[in-house]
Amino acid sequence: MEVFRTVLGDVSPEKSGIILTHEHLLYGYPGAELDHRTVLDYENNVAFIAGQVSKGMADHGYGTLVDMTPPEVGRHPELMAEVARRTGLNVIAITGFFPERMGVPYYWRRQTVAELTDFFVKDLTEGMVFAWQQTPYKAGAIKIATGQESVTPMPSPVGPNGRRIHEVEDRVIRAAGRASRIVGCAVNTHTDPMDYRVTNPGIEQLDILEEEGADPAKVIIGHAFVEPNDDQLREILNRGANVQIDHIGIPWRVETAEELDELMANALVGLLADGFGGQIVLSYDRWFYNPRSDVTESDPQLANERVDLGYLFTHFIPRLKGKGVTDEQIQAILVDNPRRILSIKV
């Protein structure tokens with residue numbers, strides 16, 4: 001039998017609805033939870049998030065969301081569970097970490113691959129820990145992340161392993177590969193678009209995951225369309241892995257959403273023509289609630305917080321259909337493919 005492992009328990013994938021594979025119900029950069037200005041008004045914040053979710057479900061048929069927030073970026077198991085209770089949404093939490101330059105807390109940087117593997121497996125099979133307390137809420141997938149992110153405006157340097165992956169990230173990815181093999185769950189990844197200028201970070205991630213026994217068919221390479229390179233996308237797909245279109249309506253590394261949407265849509269059409277329609281998923285990378293201090297030049301409000309949940313249907317799907325993408329292909333991208341990838345055999 002196959003299931004989705006959600007924060008409220010295992011459910012049938014047949015009840016998935018439309019699936020968003022990379023979102024954030026609650027998102028705060030590491031350290032935000034210590035700021036007096038970001039203290040949660042839990043009840044109001046849950047109601048705010050649940051209201052957005054309910055409208056998206058009623059208006060557009062969303063049924064499942066992968067909350068890709070790792071522990072050091074605000075993963076809140078009880079909040080996810082309460083949103084799921086109030087809305088009926090299937091919420092799949094993740095275990096794993098943010099890129100080394102922005103995440104992986106000091107404690108975990110000192111852990112071995114075996115210890116990291118045990119942590120991931122326990123999150124997936126026993127329940128996540130929050131604020132020093134065990135919770136009953138299990139993760140259902142693993143996140144790995146590489147790249148410089150916003151710390152330095154340049155590609156990642158070559159690491160000690162010869163890849164543009166740092167030493168701690170290498171251990172985290174190896175642990176993710178082992179845990180995925182043990183549990184049978186998906187690995188969903190963050191790559192930095194700038195790294196594609198000097199390497200194929202998706203392939204570098206896959207190399208490590210496969211060295212540890214992970215199945216590439218259970219891997220989603222995230223952010224690979226933000227600066228789309230047709231050859232690099234095909235290289236990932238030819239390895240048997242999956243690629244994720246994300247940041248629709250959210251300009252990243254470009255001036256406008258229109259520009260990025262058009263780049264991603266054209267790349268998608270080319271991949272569909274080459275027969276890769278069964279290996280593509282789609283998401284926003286939206287922040288439903290971002291506790292923050294004042295908006296400043298160094299800490300601006302990003303488009304991740306502002307894109308409407310209907311944008312997929314009002315803007316991006318019409319763009320795809322205008323390029324000849326069929327309803328059957330859209331169904332595969334939004335439902336069939338992620339349903340297969342995220343399912344766990346029990």
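About the thresholds
- Residues numbered from 1 in each chain as written.
- Predicted model: local features only at pLDDT ≥ 70, side-chain atom pairs only at ≥ 80, totals over all residues.
- Heavy atoms only, no water.
- UniProt positions renumbered as here; feature names shortened; annotations may be inferred.
- Helix = DSSP H or I, 4+ residues; strand = E, 2+ residues; numbered from the N terminus.
- Buried < 20%, exposed > 50% of the residue type's maximum accessible area, 1.4 Å probe, protein only.
- Contact = heavy atoms within 4.5 Å.
- Pairing = 2+ DSSP bridges.
- Axes fitted to C-alpha atoms, helices over the stretch in contact; angles between N-to-C directions.
- Phe/Tyr/Trp six-rings, centres within 6.5 Å; stacked < 30°, edge-to-face > 60°.
- Core = buried A, V, L, I, M, F, W, Y, C linked by side-chain atoms within 4.5 Å.
- Parallel < 35°, antiparallel > 145°, perpendicular 65-115°, else oblique.
- Left-handed = near helix turned anticlockwise from the far one by under 90°.
- Nonpolar A, V, L, I, M, F, W, Y, C, P; charged D, E, K, R; others polar.

Peer 1: When you look at the UniProt feature "modified residue: N6-carboxylysine" (unreviewed entry) in the protein chain in this model, what are you seeing that I'm missing?
Peer 2: In this numbering, the UniProt entry assigns the feature "modified residue: N6-carboxylysine" (unreviewed entry) to Lys-143. Positionally, Lys-143 belongs in strand β8 (residues 141-145). For Lys-143, a relative accessible area of 1% corresponds to the buried category. With near-sequence residues (within four places) excluded, Lys-143 lies in contact with His-22, His-24, Met-68, Pro-70, Ile-94, Thr-95, Gly-96, Phe-97, Phe-98, Asn-188 and His-190.

Peer 1: Just to check I follow, could you spell out the sheet that holds strand β3 (residues 18-23) for this structure?
Peer 2: What holds strands together in a sheet is hydrogen bonding between their backbones, with the strands either parallel or antiparallel. Strand order in the open sheet formed by 8 strands is β3-β4-β5-β8-β9-β10-β11-β12, with parallel pairing between adjacent strands. Of all strands in the sheet, those with a lone pairing partner are β3 and β12 (280-282), marking the two edges. Direction aside, neighbouring strands of the sheet carry axes that sit 30° apart on average. Pairing of strand β5 (residues 90-96) with β8, which is carried by 3 bridges, proceeds in the parallel orientation. Note on β8: the bridge partner recorded for Ile-94 is Ala-141. Set on the sheet, helix α4 (residues 113-125) makes contact with β5 and β8; between it and β5 the angle comes to about 165°.

Peer 1: I tried to follow the pairing of β8 on my own but got confused; where do I start?
Peer 2: Sheet faces and side chains relate simply in a regular strand, where the side chains alternate between the two faces. Burial within β8 is extensive, with 5 of its 5 residues counted as buried. Side-chain alternation along β8 places Ala-141, Lys-143 and Ala-145 on one buried face and Ile-142 and Ile-144 on a second face that is also buried. Pairing of β8 with strand β9 (residues 186-190), which is carried by 5 bridges, proceeds in the parallel orientation. Directly across from Ala-145, in β9, lies its bridge partner His-190.

Peer 1: In this structure, what is going on with the packing of aromatic side chains? I would like to understand it.
Peer 2: Describing an aromatic ring pair means giving the distance of the ring centres and the angle of the ring planes. Using the criterion set out here, one finds 12 aromatic pairs in the structure. Relative to Phe-98, the ring of Tyr-27 lies with its centre 6.5 Å away and its plane at 75°, an arrangement referred to as edge-to-face. Of this pair, Tyr-27 sits in the loop between β3 and α1 (42-60) while Phe-98 sits in the loop between β5 and α3 (106-109); the two residues are 71 residues apart in sequence, bridging distant segments of the chain. We classify Tyr-27 as buried; its relative accessible area is 5%.

Peer 1: Any chance you could explain the nonpolar core here in plain terms?
Peer 2: Within soluble globular proteins, side chains that are nonpolar tend to cluster in buried spots. With 91 residues, the main nonpolar core has Val-7, Leu-25, Phe-225, Ile-245, Ile-248, Tyr-284 and Leu-312 as its most contacted residues. Among the elements that make up this core, the one with the highest residue count is helix α8 (residues 257-273) (8 residues). With near-sequence residues (within four places) excluded, Leu-312 lies in contact with Tyr-62, Ile-248, Leu-282, Tyr-284, Ile-317, Pro-318 and Leu-334. Core analysis: the second largest hydrophobic core is formed by 12 residues, Ile-92, Ala-141, Ala-186 and Val-281 among them.

Peer 1: Help me out: how do you make sense of the packing of helix α9 (residues 311-322) against helix α10 (residues 327-342) in this one?
Peer 2: To describe two helices that pack against each other, one gives the angle between their axes and the distance between the axes. Look at α9 against α10: their axes get within 11 Å of each other, and the N-to-C directions meet at 130°. If you check the angle between α9 and α10, you find them oblique. The hand of the α9/α10 crossing is right-handed. Contacts between α9 and α10 pair Leu-312, Ile-317 and Lys-321 from the former with Asp-327, Ile-330 and Leu-334 from the latter. Considered class by class, the residues forming the contact of α9 with α10 number 4 nonpolar, no polar and 2 charged.

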